[in-house]
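What the coordinates show
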Amino acid sequence: MFGDLGKAFVVVLFLIYCLLVGWYRSFLIPIVIMLPIPLIAIGVIPAHVVLGKALGGPGTMGVIALAGIVIRNSILLVDFARSRIAGGMPIKEAVLQACEMRSRPIILTALAVILGEAVLYLDPILQGIGITLPSGALVSTLLTLGIVPIAYYQLATFLNARGQTPEQAQAKP
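Just so it is clear, the model here is predicted, and its values are computed rather than measured.

What counts, and where the lines are drawn
Starting from 1, residues in each chain are numbered consecutively following that chain's sequence as written. A pLDDT threshold of at least 70 governs which residues receive local features in this predicted model, and a stricter bar of 80 or more applies before side-chain atom pairs are shown or counted, although totals over entire chains, interfaces and linings include all residues. Note that water and hydrogens are dropped before the side-chain values are worked out from all heavy atoms of the structure. As a rule, the C-alpha atoms of each element are fitted with a line to give its axis, helices using only the stretch in contact, and angles between N-to-C directions run from 0 to 180 degrees. Here a helix means four or more residues in a row that DSSP labels H or I, a strand means two or more in a row labelled E, and each is numbered from the N terminus. Orientation labels follow simple angle bins: below 35 degrees gives roughly parallel, above 145 gives roughly antiparallel, 65 to 115 gives roughly perpendicular, and whatever is left gives oblique. For a crossing to be left-handed, the near helix must be turned anticlockwise from the far one by less than a right angle; the clockwise case is right-handed. Each residue gets one label: Ala, Val, Leu, Ile, Met, Phe, Trp, Tyr, Cys and Pro are nonpolar, Asp, Glu, Lys and Arg are charged, and the others, such as Gly, are polar. Accessible area is worked out with a 1.4 Å probe on protein chains only. A residue is then buried under 20% of its type maximum, exposed over 50%, and partly exposed in between. Note on contacts: a residue pair is in contact if any heavy atoms of the two residues lie within 4.5 Å. Only protein atoms enter the 1 Å grid, on which a cavity is a set of points fitting a 1.4 Å probe that cannot get out and a pocket is an open set with protein on both sides within 12 Å along at least 5 of 7 lines, lining residues being those with an atom within 4 Å of a point. Grid points are joined across faces, edges and corners, and a volume is the space filled by probe spheres set on the points.

1. Topic: the packing of helix 4 (residues 57–86) against helix 6 (residues 127–161)
One way to put it is that helix 4 packs onto helix 6 with a least axis distance of 8 Å and a crossing angle of 25°. By the angle class used here, helix 4 and helix 6 are roughly parallel. Between helix 4 and helix 6 the crossing geometry is right-handed. Of the residues in the contact of helix 4 with helix 6, the class split is 17 nonpolar, 10 polar and 1 charged.

See below:
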């Protein structure tokens, strides 16, 4: 089951990337949005090691669920910054404002996952999700709030130096 879930996860990530490319009409913005997905492991693996529990099928399903949460958080930051840049705001200010304005909803979502799913640790069948979701949500949320704004700022600055905005650097339909 673990191998099948891993393959399904890769397929789902590819499909999400394709959807984001279609939505943003860019090949680069989806990479920035999906950048924090590997960071889930920074929270999940140490938690499983410390608690002495293997990352089985339920834990893998938790990782897949966390990927969706991380992508949602990244989209909140990137969309807010993009709308401000499109409105004429300087890139740095737009990214900083995105962090300031969208941090609360992102943190509240993470807290809801952490508190809501931690009770599953007590269930012997769903214990893997009870470890994976809270630990992964905690670490990946904190890292998302730092890495996505920096990566988007770098991308927007790079494109601006080339005389483009992220909206102008779209894939041709």
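2. Topic: the environment of Ile-71
Summarising the element assignment, Ile-71 is placed in helix 4. A relative accessible area of 7% means that Ile-71 is categorised as buried. The spacing of Ile-71 and Val-44 is 27 residues in sequence and 17 Å in space, taken between C-alpha atoms. When near neighbours in sequence (up to four residues on either side) are disregarded, Ile-71 contacts Ile-16, Ile-33, Met-34 and Ile-37.

3. Here's the deal with the layout of surface pockets
The space that makes up the largest pocket amounts to roughly 180 Å³. Taken together, 12 residues form the lining of the largest pocket, with Phe-9, Ile-40, Ala-41, Leu-55 and Val-63 sitting closest to its centre. Residue assignment for the lining of the largest pocket shows that the elements contributing at least two residues are helix 1 (2–24), helix 3 (40–51) and helix 4. Residue contributions to the lining of the largest pocket peak at 4 residues, all from helix 3.

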